[in-house]
Amino acid sequence: MKKFVNDPKDFVAEMLEGLALANPDTLRYVPEYNLIMRADAPQEGKVSIVQGSGSGHEPAHVMSVGKGMLDAACPGDVFSAPPADFVYETVKRVASPKGVLLLVNNYTGDRMAFEMAEEMAQVDGIEARTLFIDDDVSVQDSTYTVGRRGVAGNFFVMKAVGAAAERGADLDEVHRIGTKVNSVARTMGMALTPCTPPAKGSPLFELPEDEVEMGVGIHGEPGRRREKLGTAKEMVKELVTAVVEDLPFVSGDRVALMVNGLGGTPVGELYLVYGLAHKQLADLGIEIHRSYVGEYCTSLDMAGVSITLVRLDDELVDLFGAPAEIPVRVF
């Protein structure tokens, strides 16, 4: 597998260095902790928002640092949770008098690292709190998690809490908003091909040419089942149905619809998927109020897609519409 890689163990550091060099006025890179933070953080009048997980999901989360989104991100190696001391050092550097909210996708390693960092920060007198994100409907448990996995729905949590923090909301209010978004966000993904981690140099799993992994996780974890490749319409219907039935979403709901690429799917195909999902939801009487198409939470170079729905109310419409300034300009 051909990739732009020097020494695989340096992949994350070199990526982060490039990100910082491309955004010198807005981002600061602290290499000893894999830390990307806002150049103007911390700010005395706002809660600081931190997220981190394994690398390989870009633009989540390091490319989501900026005004109206994250104050900092501290990734681990590819598909590996960051060490607890990385998270702790990140919290110390961005801690403000209003506290720190730690966003954690629901994977066992991430939970352990962030919960330990939260405890260490609290011992230091820093007001820190964790919020676990678990929007994936495909499986209840997987190799990496206890309960549902956190996947592309995390972007909506970041956006809402980032907007609230920017407006001066306190930690209790920011946590409430994040919990609310997570409660009404649901995601289902599927893979057409496996991904190839730089350190491995070969596909993470095998998938026959005529099969797909329905419900795949963003680390390549198995989903609900493998099935024969169908038409786009058939596959999108399966994804949308799984998401709609889980909350459930019902006729009359206002929603945000995200079609997220997993790293190797052409944007034209993503818009094809969006059109099919939009029509299916319209047939169900579900109103699409906000639309997102692109790569938000990837799995390296995996060809595939995930569909996320978020039930909206006036509060969330307002927060999702707030301005944000991050390197990838996705919001």
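Scroll up to find the structure.
Overview of the structure. Treat the numbers as computed from the prediction; the structure is a model and nothing was measured.

**Concerning the packing of aromatic side chains**
Here the structure, examined in full by the defined rule, presents 5 aromatic pairs. With centroids separated by 5.2 Å and ring planes inclined at 85 degrees, the aromatic side chains of Phe156 and Tyr292 adopt a geometry described as edge-to-face. Taken as a pair, Phe156 in helix α4 (residues 154-166) and Tyr292 in strand β11 (residues 287-294) lie far apart in primary sequence, 136 residues in all. On the basis of relative accessibility, which here comes to 0%, the residue Phe156 falls in the buried class. Taking the centre distance of 5.4 Å and the plane angle of 55 degrees together, the rings of Phe156 and Phe320 count as tilted. Pair noted here: Phe156 is in helix α4 and Phe320 is in helix α8 (residues 314-320), with a separation of 164 residues, a long-range link. Summarising the burial analysis for this pair, Phe156 and Phe320 share the class buried. Note that Arg311 overlies the ring of Phe249, its terminal NZ or CZ placed 5.7 Å from the centroid.

**Regarding the side chain of Asp135**
If you trace the backbone, Asp135 turns up in the loop between β6 (128-133) and α4. Despite its burial, Asp135 pairs with no opposite charge; the closest candidate is Arg186, at 8.1 Å N-O. Among the polar contacts made by the side chain of Asp135, one reaches the main-chain amide nitrogen of Val151 at a distance of 2.8 Å. A distance of 2.8 Å separates a polar side-chain atom of Asp135 from the backbone nitrogen of Gly153. In contact with Asp135, not counting residues within four places along its chain, are Arg149, Gly150, Val151, Ala152, Gly153, Asn154, Asn182, Ala185, Arg186 and Thr187.

**Some thoughts on the sheet that holds strand β12 (residues 304-311)**
Overall, mixed pairing links the 6 strands, which are arranged β9-β8-β7-β12-β10-β11 in an open sheet. This sheet does not close on itself; its edge strands, each paired only once, are β9 (225-228) and β11. This sheet shows a mean twist of 20 degrees between the axes of neighbouring strands, independent of strand direction. For strand β8 (residues 211-214) and β9, the ladder comprises 4 bridges, and the chain directions are antiparallel. If you follow Glu211 over to β9, its bridge partner there is Lys228.

**Comments concerning the pattern of salt bridges**
Per the counting criterion, the structure on display carries 25 salt bridges. Linking Asp246 and Arg148 is a salt bridge whose minimum nitrogen-to-oxygen distance equals 3.0 Å. Of this pair, Asp246 sits in helix α6 (residues 232-246) while Arg148 sits in the loop between β6 and α4; the two residues are 98 residues apart in sequence, bridging distant segments of the chain. Residue class for Arg148 comes out buried when judged on its relative accessible area of 17%.

**A few points about the packing of α4 against helix α5 (residues 171-183)**
Remark: α4 packs on α5, axes separated minimally by 9 Å, with the N-to-C direction vectors making an angle of 155 degrees. Considering their axes alone, α4 and α5 lie roughly antiparallel with respect to each other. Both α4 and α5 take part in a crossing whose hand is right-handed. Residues Phe156, Val157, Ala160, Val161, Ala164 and Ala165 of α4 form the contact with α5, whose own contacting residues are Val174, Ile177, Gly178, Val181 and Asn182.

**A look at the environment of Arg225**
Structurally, Arg225 can be placed in strand β9. Beyond its immediate chain neighbours, meaning those up to four positions away, Arg225 contacts Val212, Glu213, Met214 and Glu238. In terms of polar contacts, Arg225 uses its side chain to reach the side chain of Glu238, at 2.3 Å.

**Notes on the packing of α6 against helix α7 (residues 267-283)**
Contact pair α6 / α7: the axes reach a minimum separation of 9 Å and the direction vectors enclose 55 degrees. As the angle between them shows, α6 and α7 are arranged oblique. Once α6 is placed against α7, the crossing between them reads as right-handed. Seen from α6, the contacting residues are Ala232, Lys233, Val236, Lys237, Val240, Thr241 and Val244; seen from α7, they are Leu272, Val273, Leu276, Ala277, Gln280 and Leu281. The class makeup of the residues in the contact of α6 with α7 is 9 nonpolar, 2 polar and 2 charged.

Parameters and conventions
Residues numbered from 1 in each chain as written. Predicted model: local features only at pLDDT ≥ 70, side-chain atom pairs only at ≥ 80, totals over all residues. Heavy atoms only, no water. Phe/Tyr/Trp six-rings, centres within 6.5 Å; stacked < 30°, edge-to-face > 60°. Helix = DSSP H or I, 4+ residues; strand = E, 2+ residues; numbered from the N terminus. Buried < 20%, exposed > 50% of the residue type's maximum accessible area, 1.4 Å probe, protein only. Lys NZ or Arg CZ within 6 Å of the ring centre and 35° of its normal. Lys, Arg positive; Asp, Glu negative; His and termini not counted. Salt bridge = Lys/Arg side-chain N within 4 Å of Asp/Glu carboxyl O. Polar contact = N/O pair within 3.5 Å; in protein donor to acceptor, adjacent residues only side chain to side chain. Contact = heavy atoms within 4.5 Å. Pairing = 2+ DSSP bridges. Axes fitted to C-alpha atoms, helices over the stretch in contact; angles between N-to-C directions. Parallel < 35°, antiparallel > 145°, perpendicular 65-115°, else oblique. Left-handed = near helix turned anticlockwise from the far one by under 90°. Nonpolar A, V, L, I, M, F, W, Y, C, P; charged D, E, K, R; others polar.

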